[in-house]
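# Working through the structure, step by step
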Amino acid sequence: MDYKNAGVDIEAGYQSVELMKKYVKETMRPEVLGGIGGFSGAFSLEKIKSMEKPTLVSGTDGVGTKIKLAFLMDRHDTVGIDCVAMCVNDIACAGGEPLFFLDYIACGKNEPEKIASIVKGVAVGCKQCGAALIGGETAEHPGLMPEDEYDLAGFAVGVVDEKDLITGADLKAGDVLIGIASSGVHSNGFSLIRKVFEMTKESLDTYYEELGKTLGETLLEPTIIYVKALKGIRDAGVTIKACSHITGGGFYENVPRMLHDGVHAVIQKDSYEVPAIFKLLQEKGGIEEHMMYNTYNMGIGMIVAVDAAEVDKAMQAVRDAGENCYVIGEIKDGEKGVTIC
C-alpha cells in the first residue's frame, strides 16, 4: 500500500506545478522575492514607503456554485478569473491597489492539465488587475469529493494610503451614482439559476437568439475586474466618495454598505438596459422583480458615487478603461437604504 493507492497522486501534483509555472511567471511584479514553489510567497513593501500611512486591505472569496457549469461544460480556464475578481474588486472598493494573490484548489483527483487550466484563468485575472500570483495550494481529497470535481477559492492583499481610503463618509445629497456595467451574472445567484434552467450539457449548449450565444457561454462569462476602471477615475482627479461591488445580495444588500446614516440611494432601473440573461432568467423562473434586484447585479457590477460636477470626467475615465457605464441614480437625504424605482 502507498499514498497513490490511497488516492493521492504526488507525481500528478508535481506535474501540475510544472504545467502552471508558465502562467504564474506572467503575473510577476518587481516586488516578488524568490522563485515559484517555495513554502511561502515573499513580497517586498519597499515601494510603499512613499505613502504617508500605508494601509493593507485584503479580500477572500470563491466562485460558488458557478463552478458546477465548468464541470458540465468541461471548461476550466475562466473560473479563475472569477475567483480573482471576487477578491480584488472588493479591495478596489476600498481604494486599494491589489498587490498579490494566492489560490486554493481542492479536488477529488489531481488531473494536471485541468489544474493548470484553472490556474491559467487565475493568472489572467491577476494580470488584469496587476496583482502577482505568489503562491497557492492544490489539495487532493479522495473520498471527500467526487474525482471529477473541485472547488476554488482565493485571497488577495492590496495597499492604499489611509487618506485615500474610500469610506463613504463624505457622501451628501446631490452626489451622483454611476453604474459600471457587468458582463452578465458574474459569480452570484447560481444556486437559483440551477433551479431555473436544466443543468445538462444539452441545455447549456442551447443557443438563444436574445443572448446571441449559448446559455452555457452566457452564464460562464467571467466576472469583470474593475481595478483599472476605478484607478482611472482616481487618476483623472475625481474623488470616489463611495463604492459598492454588486455581488451576492444584489442592490438591496450591497448598496447600503456604501452609505452612512442619514443618506439614501435612489436608483432608476430604466436608466440602462438590463441584459437579456436577467430577463430570460426572470421570465423562465417566474421570479418577482424585487427578488431579482435582491439576488443579481442586473447588469451593474460596480457603483461609484461622485460629486455631480465630476460625473462626465469620471464616466470618460471608465470608458477609457474599456468599460461601459451609466448615470443610474443619486444620493438624497433620508434613512440609510436604497430605493429602486
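Everything below is about the structure shown above.
This section reports on the structure supplied with the text. (Residues numbered from 1 in each chain as written. Predicted model: local features only at pLDDT ≥ 70, side-chain atom pairs only at ≥ 80, totals over all residues. Heavy atoms only, no water.)

Bringing the sheet that holds strand β3 (residues 54-62) into the picture now. Ordered by their spatial adjacency, 4 strands build an open sheet running β3-β6-β4-β5, and the pairing between neighbours is mixed. For this open sheet the edge positions go to β3 and β5 (132-140), each flanked by a neighbour on one side alone. Shown here is a sheet whose adjacent strand axes are inclined to one another by a mean of 15 degrees, direction ignored. As paired elements, β3 and strand β6 (residues 150-161) share 9 bridges and run antiparallel to each other. Within β6, the residue paired with T55 across the bridge is V160. On the sheet, helix α3 (residues 79-93) packs against β3, β4 (97-107) and β6 and is oriented at approximately 30 degrees with respect to β6. (Pairing = 2+ DSSP bridges. Helix = DSSP H or I, 4+ residues; strand = E, 2+ residues; numbered from the N terminus. Axes fitted to C-alpha atoms, helices over the stretch in contact; angles between N-to-C directions. Contact = heavy atoms within 4.5 Å.)

Next up on the list: the sheet that holds strand β7 (residues 176-181). Strand order in the open sheet made by the 6 strands is β10-β12-β7-β13-β11-β14, with mixed pairing throughout. Whereas interior strands pair on both sides, the edge strands pair on one side only; in this sheet they are β10 (242-245) and β14 (337-340). Going from strand to strand, the sheet's axes swing by 25 degrees on average, the running direction of each strand aside. Taken together, the 4 bridges between strand β11 (residues 263-267) and β14 define a ladder with parallel strand orientation. Paired with V266 across the strands is T339, a residue of β14. In the packing of α3 onto the sheet, contacts are made with β10 and β12 (300-306), and the angle to β10 comes to roughly 165 degrees.

Given a rise of 1.5 Å per residue, 15 residues ought to cover 21 Å, and the 21 Å separating the end C-alpha atoms of α3 matches this to within 8%. By the largest-angle criterion, A85 marks the main kink of α3, which is about 25 degrees. Counting buried positions along α3 gives 14 out of 15 residues, so the element sits mostly inside the fold. G95, located one to two residues past α3, shows a positive phi value of around 95 degrees. (Expected span 1.5 Å × (residues − 1). Bend = angle between axes of the 7 residues up to and from the residue. Buried < 20%, exposed > 50% of the residue type's maximum accessible area, 1.4 Å probe, protein only.)

Okay, the environment of G168 next. Its place among the elements puts G168 in the loop between β6 and β7. The exposure class of G168 is buried, given its relative accessible area of 1%. Sequence separation between G168 and K241 is 73 residues; the distance between their C-alpha atoms is 5.3 Å.

Once that is clear, we can look at the nonpolar core. It is characteristic of soluble globular proteins that their nonpolar side chains tend to be buried jointly. The biggest cluster of nonpolar side chains holds 56 residues, and the ones touching the most others in it are F101, Y150, L230 and I233. If you look at the next biggest cluster of nonpolar residues, it comprises 42 residues, including M199, I246, A265 and I328. (Core = buried A, V, L, I, M, F, W, Y, C linked by side-chain atoms within 4.5 Å.)

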